[in-house]
Every structure is written in C-alpha cells, then in structure tokens.
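Okay, here's what each chain looks like letter by letter:
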Amino acid sequence: MEANYSKFNRVCQIIEENGFDKSKLIPILQAVQNEYRYLPEEILAFIASSLNISPARVYGVATFFAHFTLKPKGKYIIKVCDGTACHVKKSRGLIDAVKNKLGLKDGEHTTKDMLFTLETVSCLGACGLAPVLLMNEEVHGQVTPDKVVKLIDAVIKQEEAR
Amino acid sequence: MEKQLIINNSRVYFSGEKNILEVIRKHNIELPTFCYHSELSAYGSCRLCMVEVDGRGILPACSTPPENGMRIKTNNEEIREMRKIIVELLLANHDKDCTTCRKSETCQLQSLSRKLGVDTIRFKNVAKKEEKDLSTHALVRDPGKCVLCGDCVRFCEEIQSIGAIDFANRGPNSQVCPSFAKELDDSECVYCGQCARVCPTGAITPKSEVSYVWKALSDPKKKVVVAIAPAVRAAIGESFGIVGENGTESAGKIATALRSMGFDKVFDISFAADMTIVEEANEFVERLGNDKHMPQFTSCCPAWVKFVEQYYPDMIKNLSSCRSPQGMFGSIAKKIMPQALETPKEDLVVVAIMPCTAKKFEARRPELSKDGIQDIDYVLTTQEFARMIEESGLRFADLNPSAFDMPMGFKTGGGVIFGNSGGVTEAVLRNVIQAKDGIDETEEFSFVRGEDGVREAKVNVGGKELKIAIVYGLKNARKIVRDIKADKSRYDFVEVMACPGGCIGGAGQPVYKDISIRKARTKVLYENDKTLELHKPQDNPYVQKMYEQFLGKPGSREAHELLHSKHSNKKRLQEGPLTIYTPKNEKKLNINVCFGTSCMLKGSQKLLKQILDFVETKDFKDNVGIDASFCFEKCSKGPVVRIGEQTLEKCSIEAAELAIMEEIKKIQK
C-alpha cells in the first residue's frame, strides 16, 4: 500500500535531483523507468509539467528510444537474440517455443499475469554461444526449445513458492 | 568592406543574411524548400535546398552561413537528380488523393514535383492508409499526407510556446501527433491553426463547414444571415489573384457574392467590433478608476483566451469580460433578427465568415449559447468562403460591389482596423481619449502600429500615463504575462492576438508564404479606415441606436447579458489522477492532492506524506483512498487538496487533518 507512494515519491526525488532541468529529460526517464519498469502516461505528464515542457515533447522522446517503454512489462523479460549467428542457429524456433509456452498470440509480448515479456533483439554480442537469450540480466547460451521451456518452468515454480 | 560571394557565376553582395538560402533568394533564384520558414528556426530536414559550394561539396543552403568569397552553384545535374529523388521518396510514402485534397491548390509537394519535372515515381508505394483526426471543430489532421518537415511542430513551439504536437516514434513509424498519440481535442491546442498555414501539404487543414451552410441556404424554412470579419476583405481577393485590393471595393464584392448565394441578410462584423470597443473601453475606464484586475487583457482572440484559461488561470480575471465581435454579433443577431425577418428563432441560421480557425471553436463555447441554441451556428474561414464563390460559379474579380444591410452593416474605421495587430488598442484609444481638434483621427494614435511581435506605447489620459503592450504570437504573450506576474513590468492594457500580424494573418485566410502579402493586408485595413466617414466606434449611429433601444448604456445589465461572457479554468492535462493509496476495503473517502508544478513547489509533496502518515495512524485507513492529480487549476492558491467534497486551498496539514476528521464523522453517521 505504501508502494505507490514510495514510487511516486521517488519520481519527485529524481526530478529534484536533476534540478528541474529540461535538458536532463533522458536521465530522468531512465531513472523513472527503473522504478516502474515502464513509463506510465500520468507520470510522463507529471514530468512534463514539472520540467515546464510540453507532454508531446516528452512523449516524443519516450517513443524515440527503444530502451523506453510505455507499456507495462513483465517481471521477467526474455530477450531472444535474432542476430545473424543466432538466426542461423534457429533462434526463430526459440521464439516460437517461448510464445507457445507463454500462450502469447501474434502482437502480444507480455503475459496477462505480468510475469513474462518476450522481446527479440538484434545482437547480444555472444555469437559464439548462439543461439542466446537473456532472462532479465542472466545470459543463457546454446539454448534449445526444451531448455527454454524448462527455464520458464523454473521461474514459474520459484514465483509460486513466494 | 562589403562581403561578396559568387552565385552561378554572378557576383552577389551580402550583409546580414543568416544563411546562403536567404542570399540566394534575395538574388531572385528560387530554391525549393519544405522545412524552411524565415520566421522559424532552420531545421534542415527536407534537404531540398542543397547547393554546391566550391571546395566543400553539397550543403543545405538553409543551415549554411554565407562566407566571403564562397562560390555557389544552385543547380547542376547532381543537385537536380537529388531533389527529384527526395520528392519521389516523399511521394512514394504519401496519400496521393490530390483531387479531393483540401490543400490541392496550394500544396507545395504538388507544385515542387511539377517544378522539378517529376513525372514518374521510381520507388515502391509504401503509403499506409491512416485515420484522420476529426476531433476538433477547427482543424483536421490527416497523417497520411504528412512529410515530416516539422514546420507545424516548430511553429507551435517556437512562435506559440504551446507544443501541442510533436514528433513521436522513430524511423518508418515517425509521425507528428499530440502527446500519447491522442486526438487534438484532448491536447493543449488553442486552435490558432498556424500549423495548417505552414503545412506544405494537406496534413493539417482547417475543418470545413461549407456543406452545412449550403444545406441551410437551400432549406426554404431557414433564414440565413451572415457577417464578415474585418480581415476577410483584406485577403479574399488573393484567392482570385488580386493582392491588396481596396477594402471598400472588396467588401462590396463580398456582399454581392453573398447575396447571390442566397443569404437573406449580409452584415459586417466590424459593426460588432465597434460595439466591442465601446464596451471594452468602458470596462477599461472602470477598472482604471478602481484599479481592479489591471492590466486589462483583450479578449477578442479565442486562441489567446484559451491560452490564458489553461496556462494562467489566476490571470483570467484580467481578461476583458467582453465577448469577441463574433460573440456580440451572434447574440444580437439571435435577439433582433427573428423579429426583423419574421421567423422563429429555431429557423434563423447565423453564419460568420472569419480569418480564423479558433473562431470555430469559440462559436461552440457553451458561454456563447442560449437555451441550447448557439449564437453563431456556423463559422466559415476566408478559404471556405472563396471555395463557395468558386462553387457558385461567380467571377469574383468582375462582381459589382453592393452595400451591406442595416443596421449591422454600418461600421466606423475603428471597427475595421480591429483585424490588424494594434487595431484594437488604437480603436480603444480613439474611444477613451478625446481627439484634439484639427488632428486626423486616423493618424492620431498610429504610433501603436507596427510589424514587431511586441510593441509598447505610452499615452497620457487625464494627466495619467498609461502603459500599453501590443503583442502577437503567444510566446511573446507568455513572456509579457510572466513579466507581469514577476512584477518585472507594469502595464495598463495588453492587446494580444495569437497570429502573426493579427487577424489578417489568421490561419483561415488564403495561404500566404511571403510576408509582403501579410503587409499588404495590414495596409488594406488602414487605408479602408481612411476612406470611411467615421473613425471612432462610439460615433457609429447604429451602435448608439442599439444602446438607446435595448442596451441602455455601456456596462449595463442588458449589455452584460448580451455582450459579455465568462471565462473559466480549462484543464490543460487530461492525464491522471495517480493512485497513491488504495484502501483494503470499500473506499468511502477520497483524498486528492494536487501535484501540479505550482502546488509541488509550494510543498504538496511533504503534505501528501503527512496526510498518508495521519491516515495510517487512524483505524479507518482501510476505507480511505488517496490520489495525486496534476492540476486543479488553482495555482495561485496552492497547495490544493480535495478531501471528500471539500476543496482546501493553501492547505496545511492541520487543516487537512481537521477536514479528514469532519468527513469521516459524516460517513460514520
């Protein structure tokens, strides 16, 4: 119940730490996204009004960079590499396996329980381990569809235990 | 020594030009551009103004400053091919419904592709069908026509300081849109429409009401009356190839055209402008006397009024309570015309022809309706009116002038110059200050005229020196308002028009690219003033008659009912509120803390924490919800907190605790 307040309080702090400086918009958005895991519309409007810039400008910056997201993401973000090396090593099969396992339809990236988000990236720079995926910050190399399913099961189990 | 450079083998001198584009154009060579406007910052996105500079290769002329001794070629095989490719690429990603496009006749994409000899598009068509944004009454956004030049974005930000639209997304998904890709109606847009004026294509255009007006005209039951704004006469001719036509002549031709279309009465908004001056000057003298709500802001520009309502709610009281001339015309027409035309009020249709897109928004303000009937039913822009003339098959240039109908067709010069920046001020001065004998009334206060966006003037009234500011462009206005709020400057009267040059530069006027055309319009109105018999609004005999018949005297109760209106806070941001605290059980009490910029600076953050702590210690915490909102628009009275049904201004934690306990008691009962 205090969670909302502490997050919001943190946003106010972030803006203050950056001295209400509109040229620091990008660092502010980065820090805010770290708090919320995405950029909520109301928070963007709040940032715009605090920095005295138009919400349209903030929206423009937030939608320009791939790093920022305006949609809530899952607690676990699975980034499957689809760069040349991984692609050759059948990363497409991995992506399908994840989609099947999580029941994601075309155009969907996040599970309804907000536990997982699936993203594809162009290269993780670990081509020797292709195909590669990232589960949050953790790198997994030479992944097979079976391994991916096990990995996801393990996370689900761990979460259920909580 | 004068600096020189060589353009296409001929020697050219330059001095203060910002970039070589200006030097080249001054030398009568037309360089194609989409994204260059001399009034905006150089953006360099369209790459059409590429020129070859000896030793430096091909450069964009708009963002290259001139240097002594430069050798420039504006046109060679390579440059021609580049420009062609650029236009072809744009066309490959463009909704090419040119025959039905509003902008067709003034579309720069069309004219450039013709001028550059583009006769085939070598690239695959990738244009997607995109939804139009029809949310506002003033403007239509058609993203499929956008070439991403950013002219609209820069005008909105740099000249109007609003930023209602901006670039979003990236690469092939780039687009210009309001924040969060919402509709324009949900944004801070004040509907000045200058984005539509600078748009080189049909991506933003004024919304047309022509079909409704035709329908009313062809309905035998309806009586349709119409009035034209001062600025319309200064520009309508441009649509038919005549620039700077004499105002009396062109107004006369307009009257003829309107009658032949079937309008029952043809009036002049300048009459209502005379009335506005009489009321507004009276209000000014009153305020000056009791030193209340000074400086007085003019209220005839609807974009400016919305600007104050949404950004400076604490200055709303400074706005003159007078309706705009359009508003006054509407209420008077709806009052006297049913009887004059022997028709029930429901069958009377009032149309205004305006230079302005924001007037379409103004006409729909609830304050300008009575018993659910709008005072002004339809607003046509000058552009739409020109289209109606064409649709009627009239040859505007060859029409014989005729007179307006009485009583609302008679005007003084004061009501005509209303369309120029400085015109309202000048007309007010003509009313407030007794003219000296033998002085030309049209010249006595001409010192308030000018082409600059911010002008100041001092005049002496009864031994008191009045300070006046005359502003166009809302960014200029914002600066003036900020200075007033910060006590940096003091004025008695502030005239603001949102569009460059005033109403004559409105977005509903025929599209102009050259500033000389705007200047010609300004001149038309000042010259028109000279040719009229009367120059002081209060001398208008028909205005005097209106007061005798049913208004009493300026500022009377009757005048207030018909000629004044209220302005109120407009919420700028639609987002929020943000849930800070969700109760476990049923929410019985809602607490809402304002987190707008002003309240935040006044300590709403600390207050929120204290309220949270207080609620936490009470045993009813499971029935209380706490939200943060982005602005209650009571900025001068922050921090503002809403507790149940109470709104606490300048709220302290003690006051908040007291109110919470009171509300809880009510609930527990």
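This one's a predicted model, so the numbers in the text were calculated from it and none came from an experiment.

> Give me the lowdown on the overall build of chain B, citing residues and values where you can.
When its secondary structure is counted, chain B shows 22 helices and 24 strands. Whereas a compact globule of 669 residues would reach a radius of gyration of roughly 26 Å, chain B reaches 28 Å, a difference of no more than 12%. Projected onto its principal axes, the C-alpha positions of chain B cover 90 × 60 × 60 Å. Classification of the 669 residues of chain B by burial places 58% in the buried group. Put simply, 73% of the contacts in chain B that link residues at least 6 apart link residues at least 24 apart. Within the structure as shown, chain B displays about 28,000 Å² of accessible surface, and the carbon and sulfur contribution to it stands at 49%. Averaging the coordinates of the 96 positive side-chain charges in chain B and doing the same for the 92 negative ones gives two points 3 Å apart.

> With reference to specific residues and values, describe the sheet that holds strand 17 (residues 454-461) of chain B.
Residue and element names in this part refer to chain B. Pairing is mixed in the open sheet, where four strands are placed in the order 12-19-18-17. Of all the strands in the sheet, just strand 12 (296-297) and strand 17 have a single pairing partner and so form its edges. Strand direction decides the pairing type here: strand 17 and strand 18 (residues 464-472), joined by eight bridges, are antiparallel. Bridged to Glu456 within strand 18 is Ala469. Taken strand by strand, helix 16 (residues 474-485) contacts strand 12, strand 17, strand 18 and strand 19 (493-497), and its axis lies near 145° from that of strand 18.

> Account for the layout of surface pockets, with residues named and values stated.
Residue and element names in this part refer to chain A. Computed from the structure, the largest pocket encloses a volume of approximately 1,300 Å³. Along the walls of the largest pocket sit 39 residues, with Ala66, Phe68, Thr69, Lys73 and Glu119 positioned nearest its centre. Elements supplying a minimum of two residues to the lining of the largest pocket: helix 2 (25-36), helix 4 (55-64), strand 1 (76-81), helix 6 (91-102) and strand 2 (116-121). Sorting elements by how many residues they give to the lining of the largest pocket places strand 2 first, with five residues.

> Could you give an account of the packing of helix 6 of chain A against helix 7 (residues 145-161) of chain A, with specific residues and numbers?
Residues and elements named next belong to chain A. Look at helix 6 against helix 7: their axes get within 9 Å of each other, and the N-to-C directions meet at 35°. Once helix 6 is placed against helix 7, the crossing between them reads as right-handed. Taking contact as the criterion, the partners of Gly93, Leu94, Ala97, Val98, Lys101 and Leu102 in helix 6 are, on helix 7, Pro145, Val148, Val149, Ile152 and Asp153. Across the contact of helix 6 with helix 7, the residue classes break down as eight nonpolar, one polar and two charged.

> Just give me the short version of the packing of aromatic side chains, but keep the residues and values in it.
For any pair of aromatic rings, the description rests on two quantities: the centre-to-centre distance and the angle between the ring planes. On inspection of all chains with the given rule, the structure shows 17 aromatic pairs over all chains. Taken together, a centroid distance of 6.1 Å and an interplanar angle of 85° make the contact between Phe65 of chain A and Phe68 of chain A edge-to-face. Look at Phe68 of chain A and you get buried, because its relative accessible area is 8%. Between Trp304 of chain B and Phe307 of chain B, the aromatic rings sit 6.0 Å apart at their centres with planes inclined by 25°, giving stacked as the arrangement. Pair noted here: Trp304 of chain B and Phe307 of chain B are both in helix 10 (residues 302-311), with a separation of three residues, about one helical turn. We classify Phe307 of chain B as buried; its relative accessible area is 0%. Seen from the ring of Tyr311 of chain B, Arg478 of chain B lies directly overhead, with NZ or CZ sitting 4.3 Å from the centre.

> Run through the domain arrangement of chain A, naming residues and quoting values.
When the domains of chain A are assigned, the result is domain 1 (3-64) and domain 2 (76-161). Distance between the C-alpha centres of domain 1 of chain A and domain 2 of chain A: 30 Å.

> Please give an account of the side chain of Arg83 of chain B that cites residues and values.
Residue and element names in this part refer to chain B. Along the chain, Arg83 turns up in helix 2 (residues 77-92). Nearest to the buried, unbridged Arg83 among oppositely charged side chains is Glu30, at 9.7 Å. At 3.2 Å, the side chain of Arg83 and the backbone oxygen of Thr74 are in polar contact. Not counting the four nearest positions on each side in its chain, Arg83 is found in contact with Leu31, Pro32, Leu48, Cys49, Met50, Val51, Thr74 and Leu116.

> So what's going on with the confidence of the model for chain A? Which residues, and what values?
The predicted model of chain A has a mean per-residue pLDDT of 90, with 98% of residues at 70 or higher. For chain A, per-element mean pLDDT is lowest for helix 1 (residues 3-17) of chain A, which scores 83, and highest for helix 4 of chain A, which scores 95.

> I'd like a rundown of unusual backbone geometry, residues and numbers included.
Residue and element names in this part refer to chain B. Of the consecutive residues Met294 and Pro295, the connecting peptide bond is found in the cis state with omega at -5°. Note on placement: Pro295 falls in the loop between helix 9 (269-290) and strand 12. A cis geometry characterises the amide bond from Met406 onward to Pro407, with omega recorded as 5°. By the secondary structure assignment, Pro407 is in the loop between helix 13 (382-391) and helix 14 (413-416). Despite not being glycine, Asp291 shows a phi value in the positive range, around 50°. Looking at the secondary structure, you find Asp291 in the loop between helix 9 and strand 12. The backbone phi angle of Lys650 is positive, close to 45°, even though this residue is not glycine. When its relative accessible area of 60% is taken as the criterion, Lys650 is described as exposed.

> Any chance you could break down a positive patch on the surface for me, citing the residues and the numbers?
On the surface, a cluster of positive charge is made up of Lys317, Lys602, Lys637 and Lys650 of chain B. Residue position: Lys317 of chain B is located in the loop between helix 10 and helix 11 (325-340).

> Go over helix 15 (residues 423-432) of chain B, please, and point to the residues and values.
Residues and elements named next belong to chain B. Judged by how many residues are buried, helix 15 sits mostly within the fold: eight of ten residues are covered. Within the sequence span of helix 15, burial applies to Gly423, Val424, Thr425, Glu426, Ala427, Val428, Leu429 and Arg430. Close packing links the buried residues of helix 15 with helix 9, helix 14, strand 17, strand 18, strand 19 and helix 17 (515-531).

> With reference to specific residues and values, describe the pattern of salt bridges.
Two side chains carrying opposite charge are able to pair once their charged atoms lie near each other. All names here are of chain B. Scanning the model with the defined rule gives 50 salt bridges over all chains in all. With its nearest N and O atoms 2.8 Å apart, the salt bridge here joins Lys334 to Asp377. Separated by 43 residues along the polypeptide, Lys334 in helix 11 and Asp377 in the loop between strand 15 (373-374) and strand 16 (378-381) bring together distant segments of the chain. Summarising the burial analysis for this pair, Lys334 and Asp377 share the class buried.

Rules of the game
Along every chain, residues carry numbers that run from 1 in the direction the sequence is written. Labels follow written order: the first chain is A, the first ligand is 1, and so on. Since the coordinates come from a predicted model, pLDDT governs what is reported: local features require at least 70, and pairs of side-chain atoms require 80 or more to be given and counted, while whole-chain, interface and lining totals use all residues. Each side-chain value is worked out from all heavy atoms of the structure, with water and hydrogens disregarded. Here a strand is any run of E in DSSP of at least two residues, a helix any run of H or I of at least four, and the numbering for each starts at the N terminus. With the radius of gyration taken over C-alpha atoms, the globule rule is written as 2.2 Å times the number of residues to the power 0.38. Each residue's exposure class comes from its accessible area (1.4 Å probe, protein chains only) as a fraction of the maximum for that residue type: buried when under 20%, exposed when over 50%, partly exposed otherwise. In what follows, residue pairs with any heavy atoms lying within 4.5 Å of each other are defined as contacts. Each accessible area is a Shrake-Rupley result for a 1.4 Å probe, and residues are judged covered by the shown protein chains and nothing else. Charge convention: Lys and Arg are scored as positive, Asp and Glu as negative, and His as well as the terminal groups of each chain are ignored. For this purpose, a charge sits on NZ of Lys, CZ of Arg, CG of Asp or CD of Glu. Here a strand pair is declared whenever DSSP counts at least two bridges between the two strands. All axes here are fitted lines through C-alpha atoms, helices being fitted over the stretch that makes contact, and every angle between N-to-C directions spans 0 to 180 degrees. For each structure, a 1 Å grid was placed over the protein atoms alone; sets of points admitting a 1.4 Å probe that cannot get out are labelled cavities, open sets with protein on both sides within 12 Å along at least five of seven lines are labelled pockets, and lining residues have an atom within 4 Å of a point. Grid points are joined across faces, edges and corners, and a volume is the space filled by probe spheres set on the points. For a crossing to be left-handed, the near helix must be turned anticlockwise from the far one by less than a right angle; the clockwise case is right-handed. Put simply, Ala, Val, Leu, Ile, Met, Phe, Trp, Tyr, Cys and Pro go in the nonpolar bin, Asp, Glu, Lys and Arg in the charged bin, and everything else, Gly too, in the polar bin. Between rings of Phe, Tyr and Trp, where Trp is taken as its six-membered ring, a pair exists when centres lie within 6.5 Å; planes separated by under 30 degrees are stacked, by over 60 edge-to-face, and by other angles tilted. For a lysine, the NZ atom is tested; for an arginine, the CZ atom; a charge sits over a ring if that atom is within 6 Å of the ring centre and within 35 degrees of the ring normal. For each domain, the first and last residues come from an automatic or database assignment. When a carboxyl oxygen of Asp or Glu lies within 4 Å of a side-chain nitrogen of Lys or Arg, that pair is called a salt bridge. The term polar contact refers here to a pair of N or O atoms within 3.5 Å; inside protein, the definition further demands a hydrogen-donor-capable atom paired with an acceptor-capable atom, and it admits residues adjacent in sequence only when both atoms are side-chain atoms. As a per-residue measure, pLDDT reflects the predictor's confidence and takes values from 0 up to 100. Patches here: salt-bridge-free residues with over 30% relative accessible area, like charges joined within 9 Å, nonpolar side chains (Val, Leu, Ile, Met, Phe, Trp, Tyr) joined within 5 Å.

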